[in-house]
Amino acid sequence: MGRLVMKFGGTSVANIERIQNVARHVKREVDAGHEVAVVVSAMSGKTNELVAWCTEASPLHDAREYDAVVASGEQVTSGLLAIALQSLGIQARSWQGWQVPILTSDAHASARIVGIDGSEIIKRFSERKEVAVIAGFQGIHAETGRITTLGRGGSDTSAVAIAAALKADRCDIYTDVDGVYTTDPRVVPKARRLDKVSFEEMLELASLGAKVLQVRSVELGMVHNMPIFVRSSFDKPEDIDPHGTPPGTLISSEENSMENHVVTGIAFSKDEAQISVRRIEDKPGVAASIFGPLADANINVDMIVQNVSEDGKTTDLTFTVPASDFARAKQTITSAQDKIGYARFDSETDVAKVSVIGSGMRSHAGVAAQAFAALAARNINIRAITTSEIKFSVLIDAAYTELAVRTLHTLYGLDQV
Ligand code: ADP
Ligand code: ASP
Ligand code: MG
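Residues numbered from 1 in each chain as written. Chains lettered and ligands numbered in written order. Predicted model: local features only at pLDDT ≥ 70, side-chain atom pairs only at ≥ 80, totals over all residues. Heavy atoms only, no water.

So, the overall build of the protein chain
Next up, step 1: Of the regular secondary structure elements, the protein chain holds 13 helices and 18 strands.
Next up, step 2: In terms of overall dimensions, the protein chain is globule-like: its C-alpha atoms have a radius of gyration of 23 Å, near the 22 Å expected for 417 residues.
Next up, step 3: The dimensions of the protein chain, computed from C-alpha atoms along their principal axes, are 80 × 55 × 35 Å.
Next up, step 4: The buried share of the protein chain, reckoned over its 417 residues, is 49%.
Next up, step 5: Considering only residue pairs separated by 6 or more positions, the protein chain has 75% of its internal contacts joining residues 24 or more positions apart.
Next up, step 6: If you sum the accessible surface of the protein chain, you get close to 19,200 Å²; carbon and sulfur atoms cover 50% of it. (Helix = DSSP H or I, 4+ residues; strand = E, 2+ residues; numbered from the N terminus. Rg over C-alpha atoms; globule rule 2.2 N^0.38 Å. Buried < 20%, exposed > 50% of the residue type's maximum accessible area, 1.4 Å probe, protein only. Contact = heavy atoms within 4.5 Å. Areas by Shrake-Rupley, 256 points an atom, 1.4 Å probe, with all protein chains shown as cover.)

Considerations on the environment of E49
Next up, step 1: Among the structural elements, E49 can be located in helix α2 (residues 46-57).
Next up, step 2: Note on E49: relative accessible area 34%, which makes it partly exposed.
Next up, step 3: Sequence separation between E49 and S309 is 260 residues; the distance between their C-alpha atoms is 49 Å.
Next up, step 4: Here K46 takes part through its side chain, which lies 2.7 Å from a polar atom of the side chain of E49. (Polar contact = N/O pair within 3.5 Å; in protein donor to acceptor, adjacent residues only side chain to side chain.)

Concerning the sheet that holds strand β1 (residues 3-8)
Next up, step 1: Judged by pairing direction, the sheet is mixed, and its 8 strands sit side by side in the order β3-β6-β2-β1-β9-β11-β12-β10 without closing on themselves. Both edges of this open sheet fall to β3 (92-95) and β10 (196-198), since each of them pairs with a single strand only. Mean inter-strand twist for the sheet, computed between neighbouring axes without regard to direction, equals 20°.
Next up, step 2: Packing against the sheet, helix α1 (residues 16-31) makes contact with β1, β2 (35-40), β6 (131-135), β9 (170-175) and β11 (228-232), and its axis sits at approximately 170° to β1. (Pairing = 2+ DSSP bridges. Axes fitted to C-alpha atoms, helices over the stretch in contact; angles between N-to-C directions.)

With respect to helix α9 (residues 286-296)
Next up, step 1: Among the residues making up α9, those that are buried are V286, I290, F291 and L294. Seen from one end, α9 has its buried residues packed into an arc of 100°, which puts them on one side. When the buried face of α9 is taken as reference, the exposed residues oriented beyond 90 degrees from it are A288, A295 and D296.
Next up, step 2: On the buried face of α9, the contacting elements are β13 (265-281), β14 (304-306), β15 (314-322), α10 (326-334) and α11 (337-340). (Arc of directions from axis to C-beta.)

A short note on the nonpolar core
Next up, step 1: Grouped together as the largest cluster of nonpolar side chains are 39 residues, with contacts concentrated most on V5, I134, M202 and I251.
Next up, step 2: Listing elements by their share of this core, those giving two or more residues are β2, α5 (119-128), β6, α6 (155-165), β9, α7 (199-207), α8 (215-224) and β11.
Next up, step 3: Here this core gets 5 residues from one element, more than from any other, and that element is α6.
Next up, step 4: Filtering out sequence-adjacent residues up to four positions away, I251 remains in contact with V180, V197, S198, F199, M202, L213, M226, P227, I228 and V230.
Next up, step 5: Formed by 21 residues, the second largest nonpolar core is a distinct cluster that contains F268, V356, M361 and L414. (Core = buried A, V, L, I, M, F, W, Y, C linked by side-chain atoms within 4.5 Å.)

A look at the site of ligand 2
Next up, step 1: Around ligand 2 sit S41, A42, T47, E74, F137, R152, G153, G154 and S155, and that is every residue in its neighbourhood.
Next up, step 2: Here an oxygen atom of ligand 2 sits 3.0 Å away from a polar atom, N or O, in the main chain of S155.
Next up, step 3: Alone, ligand 2 offers 260 Å² of accessible surface; in the complex the protein occludes 85% of this.
Next up, step 4: Of the residues contributing to the shell around ligand 2, the split by class is 2 nonpolar, 5 polar and 2 charged. (Near = heavy atom within 4 Å. Nonpolar A, V, L, I, M, F, W, Y, C, P; charged D, E, K, R; others polar.)

Re the packing of aromatic side chains
When we look at a pair of aromatic rings, we describe it by the centre distance and by the angle of the planes.
Next up, step 1: Inspection of every chain in the model, using the stated rule, returns 3 aromatic pairs.
Next up, step 2: Look at F8 and Y174: their rings are 4.5 Å apart centre to centre, the planes differ by 20°, and that puts the pair in the stacked class. On the criterion of sequence distance, the pair formed by F8 in strand β1 and Y174 in strand β9 is long-range, its members being 166 residues apart.
Next up, step 3: Judged by its relative accessible area of 0%, Y174 falls in the buried class.
Next up, step 4: With 5.1 Å between their ring centres and 75° between their planes, F291 and F319 make a pair best called edge-to-face. Highlighted residues: F291 in helix α9 and F319 in strand β15, separated in sequence by 28 residues.
Next up, step 5: Under the relative-accessibility criterion, F291 is labelled buried at 18%.
Next up, step 6: Exposure remark for F319: the relative accessible area of 1% places this residue in the buried category.
Next up, step 7: In this structure, R18 is placed above the aromatic ring of F234, and the distance from its NZ or CZ to the ring centre is 4.0 Å. (Phe/Tyr/Trp six-rings, centres within 6.5 Å; stacked < 30°, edge-to-face > 60°. Lys NZ or Arg CZ within 6 Å of the ring centre and 35° of its normal.)

As structure tokens, then:
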């Protein structure tokens, strides 16, 4: 007997029929003798609708009330799944974040989990054989008693945090694809499913745009050494061999020794904006005068390129910020133009970051150089580059994203044969 957390995303609970399908997946694990806590997302499209309603009510709305609204999607699915389980003869009870409780910071709309008390749920496992159905994405800020949410895609994080708190053996993430692929399989049909991925590589994939898991969930998996298994909820529960290994991807601390590739996967993100500050005085302290105020405004700067000055007097500084922070970044820099001392502010919001990830890069030279040549052969211009130990990223025009991803996928031998 083991203890499992099973998380089901939006498409997996999109309607009553899908929720009944989820209930049968849960029953399968209960029948196999496991103690089960389920974490559910809102029905697909629901959170987007709720977010849009907040914006329609007022573009600049109170983040506490936004959380009160958007947390409701998960409340509905947790109750519905508990009902569906009960109708299969399984003891089940729904739990909202505040009822567990899942305690978080007060950073409304992007709160961080600070503690989970799983004692009552564990007690009910043994005393009542009860399945806990927990609303993902939401928590409570203890001091104010207000409902919080964990940021988009946050149910993954709820699931891994709950798995750690309950000391589960594994956290299964059921979604609409049957694992983590070498790149988004909806964009590159030749993408291959990976059997195993290390936490470290998954952290890079997720933070560079592979939205199959929220970044924070991978961080928590790594910190608590909680194995995460990504698998499909679309497999029929009745067809799954309880003793076999289902298709899926195991994310764990193990290095991926089976696959003999230098590159593990490719991620991309169109949520980037490029800013160039032109003809700044080339003297100590200018970078600080730009990036200091951006940091104070809580804006994450990613790629940074500073040109060597031609005349020794002025230089250009180019960097990227998340597209959602672009307006604020522009305001921060242009309002400080006199203090910073620059001639021109240029920007481009139609850009994309394509990133190549693989722990094999540690021991192989020239991996990035191959990419630059392949992109050049396709006439794709590179606007900026960053590298680190196990990944590199290039910034390109957004229109070329798919072409660049496919080109690199083939280049590094990732295509399915
Ligand atoms: P859920 O609603 O179950 O949380 P998401 O839509 O958040 O599902 O995440 C699953 C989606 O992630 C897939 O449908 C796929 O399009 C996308 N995705 C992006 N990159 C990858 C990747 N490398 N492997 C698998 N899926 C990926
Ligand atoms: N429902 C939330 C969202 O759409 C959380 C999640 O699905 O993980 O972002
Ligand atoms: Mg998701």
